[in-house]
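Each chain is listed here by its residues.
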Amino acid sequence: MRIGLYPGTFDPITYGHVDIIRRAAQLVDRLVIGVAINRDKGPLFALEERVAMIKAECVALSDETGIEIVVHPFENLLIDCARDVGAGLIIRGLRAVSDFEYEFQMVGMNRALDDTVETVFLMAEARHQAIASKLVKEIARLNGDTSKFVPPAVDEALRARFTG
């Protein structure tokens, strides 16, 4: 069984993430969405909220693709998380050339730690490439419309966070 791990903070999950999940599901038999706890980033949404949002989106994606998609919070090294879930493949999304340098370094470090785990880069569809969780949060904070960038339940959660 080919298991893939798509890691991130998903604060919040965006249509760009959903696109990568949908496309990654075509490459594996089981897809694990690794939700990084990363306290240094100071997430807007608590881990439990992010996990719930991702699970809600993945139910439909799992039905659509026929692939088991599970959500797995983690706070250890990415390569250790991959081992924990039995993943032989790490899936990373790229938006722009600026992402590549950091991702290239991460792949090198992960390969040095465990050369049996491969990394695959996927580009989101062009209409989703500019979407970044950081920018979505800024738009929401300034009372802008985030509905083009995030699923409806996430849009609602953002509005509640900044207006409630």
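Above this note sits the structure.
Fair warning: this is a prediction, and the values are worked out from it, not measured in the lab. (Residues numbered from 1 in each chain as written. Predicted model: local features only at pLDDT ≥ 70, side-chain atom pairs only at ≥ 80, totals over all residues. Heavy atoms only, no water.)

> Please explain the sheet that holds strand β1 (residues 3-8) as it appears in this structure.
Spatially, the five strands line up as an open sheet ordered β3-β2-β1-β4-β5, and their pairing is parallel. The open sheet has two free edges, formed respectively by β3 (68-74) and β5 (118-123), since each of these has just one partner strand. Strand-to-strand twist of the sheet, defined as the mean angle between neighbouring strand axes without regard to direction, takes the value 30°. This element, helix α3 (residues 78-85), spans β1, β2 (30-36), β3 and β4 (89-94) of the sheet and lies at about 145° to β1. (Pairing = 2+ DSSP bridges. Helix = DSSP H or I, 4+ residues; strand = E, 2+ residues; numbered from the N terminus. Axes fitted to C-alpha atoms, helices over the stretch in contact; angles between N-to-C directions. Contact = heavy atoms within 4.5 Å.)

> Quick question: what am I supposed to make of the layout of surface pockets here?
Remark: the empty space left among the atoms is shown by a probe the size of a water molecule rolled over them. The computed volume of the largest pocket comes to approximately 1,200 Å³. Put simply, the parts of the chain that give the lining of the largest pocket at least two residues each are β1, α1 (15-24), β4, α4 (97-113) and α5 (133-141). Here the element with the most residues in the lining of the largest pocket is α4; it accounts for seven residues. Split into classes, the residues belonging to the lining of the largest pocket amount to 18 nonpolar, twelve polar and nine charged. (1 Å grid on protein atoms, 1.4 Å probe; cavity = no way out; pocket = protein on both sides within 12 Å on 5 of 7 lines; lining within 4 Å. Points joined across faces, edges and corners; volume = space filled by probe spheres on them. Nonpolar A, V, L, I, M, F, W, Y, C, P; charged D, E, K, R; others polar.)

> Help me understand the nonpolar core in this model?
One broad trend across soluble globular proteins is that nonpolar side chains are buried collectively. Counting residues in each nonpolar core, the largest one holds 29 residues, and the members touching the most others are Y6, I13, I21, L31, I33, I54 and I91. Listed by contribution, the elements that provide at least two residues to this core are α1, β2, α2 (47-65), β3, β4, α5 and α6 (152-163). Here I13 is in contact with V18, I21, M53, I54, E57, V150, P151 and V154, once residues within four sequence places are set aside. Counting 14 residues, the second-largest nonpolar core is a separate cluster that includes I3, A36, A82 and A87. (Core = buried A, V, L, I, M, F, W, Y, C linked by side-chain atoms within 4.5 Å. Buried < 20%, exposed > 50% of the residue type's maximum accessible area, 1.4 Å probe, protein only.)

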